[in-house]
Amino acid sequence: MKKNDVVVGEKEVSRIAALAHLSLTADEKIRLSSQLRATVSAIGRLSEIDTAAVPFPPQITGLVNVLRKDVIEASLSVEDVLGSATRTWKGYFLVEAVFSE
Amino acid sequence: MNVSDLTLQESQEKLLKKEISPLELVTACLDRLKKTEPQIHACLTVCEEEALSQARILHVTKEAIADQPLLGIPVTLKDNYCIRGIRTTAASHVLDAYLPVHTATVWQRLKDAGAILLAKTNLDAWAHGSSTETSDYGATLNPWDITKLSGGSSGGSAASVAAGQSPLSMGSETAGSIRMPASWCGVVGLKPTYGRTSRYGIIAMGSSLDCPGPMTRCVWDAARVLNVIAGHDAKDATTADTPVPDYTQSLARPIKGLKLGYCRDYFSGVHPDVAGVVQKAFTKLKELGAEIIEIDLFDPSYAVAVYTIIQRGEVSSNLARFDGIRYGADRQRFGEEAKRRIMLGTYVLSSGYYDAYYTKAEKVRTVIMNDFARAFSRVDAIIAPTLPTVALPVGASVDQPMFGEIADMLQEPSSIAGLPGISIPCGFSQQLPVGLQIIGPQFAEERILQIAYAYEQSTDWHRQRPTV
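Bear in mind that the values here come from a model prediction, so they are computed numbers and not experimental data.

Asks: Any chance you could break down helix 2 (residues 22–40) of chain B for me, citing the residues and the numbers?
Replies: Spacing of three or four residues puts side chains on the same side of an α-helix, whose turn is 3.6 residues. Residue and element names in this part refer to chain B. Spanning 19 residues, helix 2 covers 26 Å between terminal C-alpha atoms, matching the ideal 27 Å at 1.5 Å per step. Within helix 2, the axis deviates most sharply at Lys 34, by approximately 30 degrees, and proline Pro 38 lies no more than four positions further along. Buried within helix 2 are the following residues: Pro 22, Leu 25, Val 26, Cys 29, Leu 30, Arg 32, Leu 33, Thr 36, Glu 37 and Ile 40. Positioned one or two residues after helix 2, His 41 has a phi angle of 50 degrees, which is positive.

Structural data, given as structure tokens:
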């Protein structure tokens, strides 16, 4: 854990919001920033526990390599897939452009 | 007693004896729903016509019930269970008009067993909470006192059963979301072992934690439902191949000689009246022949940090799919609690912080799992208060950024370890229900149901009904 790490300022909040694809209002940024600081501070007490020799846990009930046969099964129809989309075009989802000319 | 106050078992007995018809049962439940909804707001979508149509054509016979064990039983489902073609919102404006194209395996199994869907119930939005106050559609109020909260996140489900709207509701628990509202609403809430019941089609919160489970008026009912819903599902790779017994068969086994462990740390911060009620329950278990042993357990307060990190990390990942392109509304419509959890989750998983928070939390998870394994080498089950208090007033969760995680402290350790737990009513404090929780090793649902049944049958708490 980084020392004096509870510095979750506005710049950090903007960075996290961008990673999370959340658009926050100025008010939300202020509010969430202080709440985030409080939460990060609370969870920091895990550093009190020595886990140097502790492994990552296994799958919760011990399952390993759960596979299925590699066969094509019936899937959703195009109508099902596109049925809830707000914008579609000729069988495609319409999205914002990621490239400009 | 009103027809709508009957347990699942009592309802089926009356249906078999033709004392009531399926239509009369469904109608009684719907009437009760309509009468109580203005006060408690447990439901988001009511499926009245479909339920009545189904009930009209049913014939309940002994042979039919052998084939369909829940034939004729009205059910409400937490509104994070997807059902193809039926509005499913997760209590969030992001999914306000969402019609799933998938059906949750657990619901399909209940439906195939003859259950009748009455309504989808309210929850904390995305199951993020322990009050139902974060629902984008308003809080569910407690049928025992409508100035109090029902708990959460399966608050609508718990209130629905307590208020007599249906004998069964299905909830889901990530850490506390079945047991907690069950305790506050005075009903039975069973959280199975992780992987005992399929998560397929249930809107995901924490994928290494989520467990669908029943909320009922008595332990037998919960066991009966578990028979139907438990078992491997090819659509959920985390479900276990462990055989599913008939959970009702072993219920009446005496608990004489069973060792039940309790930990003092699980009483720390518990209201003295609640502690007193739970300790009387311990005395009753001792009278029934169990041995009550004090044990040491890993301090449950650390579980709050572990759970907060793992759960919010998984939440941030699971909610990333709501991009407003393929389904649902824009991410701007997430409520503040969802944004809060996504933000913390993204933070603890981000570069530079992942090892310090997420990896650390997962390693402490290993410590907690090993600690329970050590405890279960000494005792058969662990008993504790479900919650430190009875139902809190409306507004208690507002401006409390970690309300849920702190409220559920006593359930988080067992959830983190994937253990089964049940909360049963064990008395009252300030005229509000108190819950006793019983936790077992993984896949020991038979054992915890047996202990719960023994206690329940020697008391009358499960017969109390609120006067809403």
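Asks: So what's going on with the confidence of the model for chain A? Which residues, and what values?
Replies: Here chain A shows a mean pLDDT of 88. Residues at 70 or above account for 93%. Across residues 1–5 of chain A the pLDDT falls below 50, and counting only partners more than four positions away or on other chains, this stretch makes eight contacts in the model.

Asks: Lay out the packing of helix 1 (residues 8–16) of chain B against helix 8 (residues 219–229) of chain B with the relevant residues and their values.
Replies: Residues and elements named next belong to chain B. Where helix 1 meets helix 8, the closest approach of the two axes is 8 Å, and the angle between their N-to-C directions is 80 degrees. With respect to helix 8, the axis of helix 1 lies roughly perpendicular. In contact with Leu 8, Gln 9 and Gln 12 of helix 1, helix 8 contributes Trp 220, Asp 221, Arg 224 and Val 225. Among the residues forming the contact of helix 1 with helix 8, the class breakdown is three nonpolar, two polar and two charged.

Asks: Account for the packing of helix 1 (residues 10–19) of chain A against helix 11 (residues 336–349) of chain B, with residues named and values stated.
Replies: Running from N to C, helix 1 of chain A and helix 11 of chain B point in directions that differ by 95 degrees, and their axes come no closer than 9 Å. By the angle between their directions, the pair helix 1 of chain A and helix 11 of chain B is classed as roughly perpendicular. In contact with A:Glu12, A:Val13, A:Ile16, A:Ala17 and A:Leu19 of helix 1 of chain A, helix 11 of chain B contributes B:Met343, B:Thr346 and B:Tyr347. Looking at the contact of helix 1 of chain A with helix 11 of chain B residue by residue, the classes come out as six nonpolar, one polar and one charged.

Criteria and thresholds
Residues numbered from 1 in each chain as written. Chains lettered and ligands numbered in written order. Predicted model: local features only at pLDDT ≥ 70, side-chain atom pairs only at ≥ 80, totals over all residues. Heavy atoms only, no water. Helix = DSSP H or I, 4+ residues; strand = E, 2+ residues; numbered from the N terminus. Expected span 1.5 Å × (residues − 1). Bend = angle between axes of the 7 residues up to and from the residue. Buried < 20%, exposed > 50% of the residue type's maximum accessible area, 1.4 Å probe, protein only. pLDDT = per-residue confidence, 0-100. Contact = heavy atoms within 4.5 Å. Axes fitted to C-alpha atoms, helices over the stretch in contact; angles between N-to-C directions. Parallel < 35°, antiparallel > 145°, perpendicular 65-115°, else oblique. Nonpolar A, V, L, I, M, F, W, Y, C, P; charged D, E, K, R; others polar.

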